[in-house]
Amino acid sequence: KQEVTQIPAALSVPEGENLVLNCSFTDSAIYNLQWFRQDPGKGLTSLLLIQSSQREQTSGRLNASLDKSSGRSTLYIAASQPGDSATYLCAVKASYDKVIFGPGTSLSVIP
Amino acid sequence: SAVISQKPSRDICQRGTSLTIQCQVDSQVTMMFWYRQQPGQSLTLIATANQGSEATYESGFVIDKFPISRPNLTFSTLTVSNMSPEDSSIYLCSVEKINRGRTDTQYFGPGTRLTVL
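This one's a predicted model, so the numbers in the text were calculated from it and none came from an experiment. (Residues numbered from 1 in each chain as written. Chains lettered and ligands numbered in written order. Predicted model: local features only at pLDDT ≥ 70, side-chain atom pairs only at ≥ 80, totals over all residues. Heavy atoms only, no water.)

**Describing the environment of A:Gln38**
Stage number 1. Its place among the elements puts A:Gln38 in strand S4 (residues 32–38).
Stage number 2. Look at A:Gln38 and you get buried, because its relative accessible area is 8%.
Stage number 3. Within polar-contact distance, the side chain of A:Gln38 engages the side chain of B:Gln37 at 2.8 Å. (Helix = DSSP H or I, 4+ residues; strand = E, 2+ residues; numbered from the N terminus. Buried < 20%, exposed > 50% of the residue type's maximum accessible area, 1.4 Å probe, protein only. Polar contact = N/O pair within 3.5 Å; in protein donor to acceptor, adjacent residues only side chain to side chain.)

Here it is in structure tokens:
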């Protein structure tokens, strides 16, 4: 059974710092891995999607990597801003009709 | 991309009643997904809804409690039946789209925040 974990559970950094969020999954047989952002009381916004055949994806200040063999993904945020404060969720597509979410990392960027 | 709307955005309901949540997508999609997010928790998949067939429920969720309709390729409803305070959660509708350069991206609606008294 696929399980997804994320560390740290919460993170507080000063504005301008680079930071790394971690996601681990137990079964390397995945279709893809997606990183989402959730603002309080809101739905989810897709940030990056990495297909199982890919190693990384980049969008602006965000870079996500995927190492299937070790069951890990990282989300790197460069030059963090207060507007980056949110909960970040990683989600693994384990089959054609099932996506399993991690518990999330709550990020606070202090001005 | 996909734009998803949900109604209602929030509701406060009495124990024992039922609430139907609507999900509308701006384009045709094959699969729609319903998730629950309990307070302080991550998302849990309730069921997958394909047009023209019965919904597929995850372990711990049953059709009698969470009946789902999928009458066409842009719309679905989730009913939370015989509610109890433990059903207080955010309910999210989601679809999967295949776009040039970004396959299988998952999009979410804004959610329905349900409080059961």
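**Some remarks on the interface of chain B and chain A**
Stage number 1. Contact residues are listed per partner, giving 20 residues for chain B and 22 residues for chain A.
Stage number 2. Roughly 1,600 Å² is buried in total at the junction of chain B and chain A, and carbon and sulfur atoms are behind 47% of that figure.
Stage number 3. If you look at where chain B meets chain A, you find two salt bridges.
Stage number 4. Between A:Lys93 and B:Glu96 there is a salt bridge; the shortest N-O distance is 2.9 Å.
Stage number 5. Scanning the region where chain B abuts chain A turns up six residue pairs in polar contact (both at pLDDT 80 or more).
Stage number 6. Contributions of two or more residues to the side of chain B that touches chain A are made by strand S4 (31–37), strand S5 (43–50), strand S9 (89–99) and strand S10 (102–108) of chain B.
Stage number 7. In terms of residue count, S10(B) provides more of the side of chain B that touches chain A than any other element does, six residues in total.
Stage number 8. Grouping the constituent residues of the side of chain B that touches chain A by class yields eight nonpolar, seven polar and five charged. (Contact = heavy atoms within 4.5 Å. Buried area = accessible area lost by both parts, 1.4 Å probe. Salt bridge = Lys/Arg side-chain N within 4 Å of Asp/Glu carboxyl O. Nonpolar A, V, L, I, M, F, W, Y, C, P; charged D, E, K, R; others polar.)

**Overview of the sheet that holds strand S7 (residues 68–72) of chain B**
All names here are of chain B.
Stage number 1. With antiparallel pairing, the four strands of this open sheet are ordered in space as S1-S3-S8-S7. Looking along the sheet, the strands with just one partner apiece sit at the ends: strand S1 (4–7) and S7. Each strand of the sheet is rotated relative to its neighbour by a mean of 15°, with strand direction disregarded.
Stage number 2. Bridge analysis of S7 against strand S8 (residues 75–80) gives three bridges, and the strand direction is antiparallel. Note that in S8 the partner of isoleucine 68 across the bridge is leucine 78. (Pairing = 2+ DSSP bridges. Axes fitted to C-alpha atoms, helices over the stretch in contact; angles between N-to-C directions.)

**Brief notes about the pairing of S4(B)**
Residues in a regular strand point their side chains to alternate faces of the sheet.
Residues and elements named next belong to chain B.
Stage number 1. Most of S4 sits inside the fold, with seven of its seven residues counted as buried.
Stage number 2. Here S4 shows two buried faces, one formed by Met31, Phe33, Tyr35 and Gln37 and the other by Met32, Trp34 and Arg36.
Stage number 3. Where S4 lies against S5, seven bridges are found, and the strand directions are antiparallel. Its bridge partner being in S5, arginine 36 is matched across the sheet by threonine 44.
Stage number 4. What sits between the antiparallel neighbours S4 and S5 is a turn of five residues, in which glycine 40 has the positive phi angle 75°.

**Remarks on the state of the cysteines**
All names here are of chain A.
Stage number 1. Inspection of every chain in the model, using the stated rule, returns two disulfides over all chains.
Stage number 2. For cysteine 23, the disulfide goes to cysteine 90, at an S-S distance of 1.9 Å. Here the S-S torsion is close to 60°, and the disulfide linking cysteine 23 with cysteine 90 is therefore right-handed. Placement of cysteine 23 in strand S3 (residues 19–25) and of cysteine 90 in strand S9 (residues 86–95) is noted, with a sequence separation of 67 residues between them.
Stage number 3. Residue classification places cysteine 23 among the buried positions, given a relative accessible area of 1%. (Disulfide = S-S within 2.5 Å.)

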